[in-house]
Protein chains: 2
Amino acid sequence: MASIYDIAKMAGVSVATVSRVINGEKYVAPETREKVQKILRETGFIPNANAKSLTKKKTNTMAVVVPDLTNPFFTEIIRGIEQQAAQRKMAVIIANTDEDLEHERLAIRSLMGRRVDALILASAARAGKEIRSSLRDDIPLVLLDRKPNGLEADLVRSDDRGGAEILVDYLFALGHRRIGFISGKAGISTAKNRLEGYVAALRGHGLEPEQELMAPGDFQRTGGREGILKLLALAQPPTAVIAANNIEAIGALEALREKKLDVPGDLSLVCFDDLELASQVYPFLTVAAQPVKTMGAVAAQLALERLAGQSSQRREVVMRMTLLERRSCRRV
Amino acid sequence: MASIYDIAKMAGVSVATVSRVINGEKYVAPETREKVQKILRETGFIPNANAKSLTKKKTNTMAVVVPDLTNPFFTEIIRGIEQQAAQRKMAVIIANTDEDLEHERLAIRSLMGRRVDALILASAARAGKEIRSSLRDDIPLVLLDRKPNGLEADLVRSDDRGGAEILVDYLFALGHRRIGFISGKAGISTAKNRLEGYVAALRGHGLEPEQELMAPGDFQRTGGREGILKLLALAQPPTAVIAANNIEAIGALEALREKKLDVPGDLSLVCFDDLELASQVYPFLTVAAQPVKTMGAVAAQLALERLAGQSSQRREVVMRMTLLERRSCRRV
DNA sequence: TTGCGATGTCGTAAATGCTGGCCATTCTGA
DNA sequence: TCAGAATGGCCAGCATTTACGACATCGCAA
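Residues numbered from 1 in each chain as written. Chains lettered and ligands numbered in written order. Predicted model: local features only at pLDDT ≥ 70, side-chain atom pairs only at ≥ 80, totals over all residues. Heavy atoms only, no water.

Trainee: Give a detailed account of the protein's contact with DNA strand D, specifying residues and quantitative values.
Mentor: The local shell around DNA strand D holds 26 residues, among which Tyr5(A), Ser19(A), Ser14(B), Arg20(B) and Thr32(B) are the closest. Backbone atoms, meaning sugar and phosphate, form 69% of the atoms of DNA strand D found within 4 Å of the protein. Between Asn48(A) and DNA strand D, the recorded distance is 2.6 Å, taken from a backbone N or O atom to a phosphate oxygen. One nitrogen or oxygen atom from the side chain of Thr17(B) is found 2.8 Å from a phosphate oxygen belonging to DNA strand D. Going through the elements one at a time, helix H1 (4-11), helix H2 (15-22) and helix H4 (49-56) of chain A together with helix H2 (15-22) and helix H4 (49-56) of chain B are the ones with two or more residues in the surface near DNA strand D. No other element matches the four residues that H4(A) contributes to the surface near DNA strand D. Looking at the surface near DNA strand D residue by residue, the class counts come to 12 nonpolar, nine polar and five charged. (Near = heavy atom within 4 Å. Polar contact = N/O pair within 3.5 Å; in protein donor to acceptor, adjacent residues only side chain to side chain. Helix = DSSP H or I, 4+ residues; strand = E, 2+ residues; numbered from the N terminus. Nonpolar A, V, L, I, M, F, W, Y, C, P; charged D, E, K, R; others polar.)

As structure tokens, this is what we get:
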């Protein structure tokens with residue numbers, strides 16, 4: 001690759017001048033500028049951003065780490081982030097961890113090595129200490145959707161307890177009294193909050209939460225499948241089930257279909273998080289949805305502010321959930 | 001940030017030794033190694049990858065540029081790529097262009113500046129010259145799904161003409177004779193091939209293709225909406241419609257629902273590309289699907305080979321499409 | 001006309017964090 | 001004793017930016 005030296009030589013000026021032209025700085029004569037720009041154009045020179053970041057000590061890059069790139073919840077968030085970043089002419093680099101802690105560690109370490117300026121993280125970790133050593137401790141960090149235990153940082157999440165309440169209320173109003181719950185990945189804050197919200201909401205209606213009605217899950221399809229099977233196998237199975245996220249609901253739906261069970265005929269099903277595209281094809285699942293794109297935008301803004309050094313105290317933005325009633329439930 | 005010099009000083013060795021320890025090279029005594037590693041651990045040192053790439057002249061990174069991150073077709077492909085990359089310990093960096101040429105140019109330029117080792121590109125460009133100046137001309141490049149005119153590079157695509165044939169055959173067999181087509185983004189190879197396949201397949205059945213049955217599109221939701229509306233407004237509307245991709249089909253479906261038209265009752269609808277998650281929720285749309293994840297894996301492999309300097313001739317891998325029959329069509 | 005500070009233009013060289021070739025020294029075993 | 005092998009330091013190089021300094025030019029007051 002050509003370097004700025006080659007350009008300088010071709011243009012008969014010094015590297016400093018070329019650098020000035022490239023970065024549109026003052027103090028270069030119009031003719032000189034023109035001459036250099038001509039060479040730049042002709043050679044299609046693209047400066048080495050790595051070398052630049054070495055001296056500038058910043059990369060103009062923000063990183064986003066998500067646990068599941070195929071989940072529309074996260075891709076929509078990413079779009080929100082990208083829009084904000086583009087406005088500040090920052091690049092966004094996306095990493096996917098497949099809900100796997102080791103993947104996440106590697107991804108974060110790689111990003112830290114690249115010296116990204118800020119990190120937006122939807123972590124697969126339960127506790128901060130599981131990833132802390134992979135993080136540079138001075139990096140502007142915004143936690144997204146999930147808060148690993150003991151990791152202090154800005155946080156954008158939604159009101160999971162409130163969302164759980166909305167769902168339980170809805171099912172209760174339809175007459176359901178045995179309401180099952182397929183939990184999210186153990187140890188993840190979001191999963192915990194949703195479960196707690198569910199328990200609290202049940203109590204609010206004078207219902208006693210039963211252990212057997214709460215199946216473990218993992219936020220993935222298999223968790224949904226296994227969860228629903230477990231609940232169905234109960235002596236007294238639930239009449240309605242809440243899945244802790246959209247993907248689990250899909251897994252559950254698959255299992256139900258294989259067992260030739262009808263939703264909502266044989267069972268009512270709702271979940272957290274909307275399914276963007278899918279719900280356009282077929283507005284089926286009733287869900288508690290979050291303002292996804294906004295969440296991304298807010299996360300990016302927090303990161304940017306943190307980067308700019310404003311406000312040093314920890315901030316937490318909580319988004320309200322909304323019930324989108326469709327047709328996966330019936331009155332009993 | 002601490003640098004390798006700081007570590008060297010703390011450990012009382014030279015930077016070279018620290019470098020050797022970090023990279024697990026030979027010729028460093030066990031005690032020295034242990035001593036350095038201890039410091040490394042304590043300080044949580046993460047080497048600056050940018051500086052490293054400066055001297056090594058490679059970044060161990062492969063970039064993927066896609067036009068629509070919310071389209072499951074592309075996210076699945078990305079997963080295929082990631083798996084291959086992970087095996088070679090390469091990082092993948094993902095960029096999203098929202099089907100916008102200017103976005104794409106910026107993204108590519110940014111990636112070139114970062115000196116990524118290889119680029120996998122599903123381009124929004126019609127012609128190679130629209131983006132050529134943003135590309136380093138020596139970069140290992142693999143085109144994905146789409147081939148901008150005049151851009152010579154390895155290519156992984158699917159058999160779009162064959163796919164169109166499959167869809168037309170299917171509809172024809174169901175008795176449809178007026179088959180509409182909502183095209184993809186004008187100028188994109190994939191769109192062109194699908195349309196040509198459609199025309200050819202019609203002729204193959206002795207049907208004369210009619211201009212009015214071919215609506216323009218953009219591979220996006222709006223294109224689907226407008227396309228279907230156009231077709232419905234015809235004096236003699238089609239009884240079946242093929243959308244050039246999954247997202248357009250969703251747009252079409254939305255418009256149909258708003259007009260209170262039933263699929264397949266009032267109209268049969270099929271499209272290219274499957275809808276992963278969505279089709280799990282509700283196996284509705286009949287589609288011509290591609291082996292998505294494999295496409296990603298193959299693309300990554302081609303890039304890697306190109307990077308390794310093997311095989312200098314241009315390669316093209318064409319994947320066969322499969323009909324996934326569901327229930328968006330009826331016999332007429 | 002001269003003098004001089006301000007301003008504009010450009011080059012030199014150091015610095016950034018890392019690798020790797022080369023060389024010097026020490027150690028090992030025959 | 002001596003050939004290697006093992007160990008580790010020095011320094012150049014990678015592609016940038018930027019502080020600093022050298023000149024040139026200009027405006028304007030003396």
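Trainee: Account for the domain arrangement of chain A, naming residues and giving values.
Mentor: Examined at the domain level, chain A breaks down into domain 1 (4-47), domain 2 (59-159 + 292-319) and domain 3 (160-290). Relative to domain 2 of chain A, the C-alpha centre of domain 1 of chain A lies at a distance of 37 Å. (Domains from an automatic or database assignment.)

Trainee: Describe the interface of chain A and chain B, with residues and values.
Mentor: One widely used convention gives an interface's size as the accessible area the parts lose upon coming together. The interface is formed by 48 residues belonging to chain A together with 48 residues belonging to chain B. Surface buried jointly by chain A and chain B totals about 4,400 Å² across both partners, of which 59% is contributed by carbon and sulfur atoms. When residues of chain A are sorted by the area they lose upon contact with chain B, Asn50(A), Leu277(A) and Val281(A) head the list and together hold 15% of the total. The interface formed by chain A and chain B holds two salt bridges in total. Ionic pairing is found between Asp98(B) and Arg79(A), a salt bridge with its closest N-O pair at 3.4 Å. Joining chain A to chain B, the criterion identifies 14 residue pairs in polar contact (both at pLDDT 80 or more). Listing elements by their share of the side of chain A that touches chain B, those giving two or more residues are H4, helix H5 (72-87), strand S2 (91-96), helix H6 (101-113), helix H11 (246-258) and helix H12 (276-281) of chain A. By residue number, the principal contributor to the side of chain A that touches chain B is H5(A), which donates six residues. Its residues placed into classes, the side of chain A that touches chain B shows 25 nonpolar, 12 polar and 11 charged. (Contact = heavy atoms within 4.5 Å. Buried area = accessible area lost by both parts, 1.4 Å probe. Salt bridge = Lys/Arg side-chain N within 4 Å of Asp/Glu carboxyl O.)

Trainee: Account for the sheet that holds strand S10 (residues 286-289) of chain A, naming residues and giving values.
Mentor: All names here are of chain A. The sheet built from six strands is open, its strands ordered S7-S6-S8-S9-S10-S12 with mixed pairing. Strands with a single pairing partner mark the edges of an open sheet, and in this sheet they are strand S7 (214-217) and strand S12 (322-324). Ignoring which end each strand starts from, the neighbouring axes of this sheet average 20 degrees apart. Here strand S9 (residues 268-272) runs beside S10; their pairing, made up of three bridges, is parallel. If you follow Phe272 over to S10, its bridge partner there is Ala288. Running at roughly 165 degrees to S9, helix H8 (residues 160-173) makes contact with strand S6 (179-185), strand S8 (240-243), S9, S10 and S12 of the sheet. (Pairing = 2+ DSSP bridges. Axes fitted to C-alpha atoms, helices over the stretch in contact; angles between N-to-C directions.)

Trainee: So what's going on with the packing of helix H10 (residues 221-232) of chain A against H11(A)? Which residues, and what values?
Mentor: All names here are of chain A. Relative orientation of the contacting elements H10 and H11 amounts to 55 degrees, with a least axis distance of 6 Å. The orientation of H10 relative to H11 falls into the category oblique. The crossing of H10 and H11 is right-handed. Here H10 contributes Arg221, Gly224, Arg225, Ile228, Leu229 and Leu232 to the contact with H11, which in turn contributes Ile247, Glu248, Ile250, Gly251, Ala252, Glu254, Ala255, Leu256 and Glu258. Of the residues contributing to the contact of H10 with H11, the split by class is eight nonpolar, two polar and five charged. (Parallel < 35°, antiparallel > 145°, perpendicular 65-115°, else oblique. Left-handed = near helix turned anticlockwise from the far one by under 90°.)

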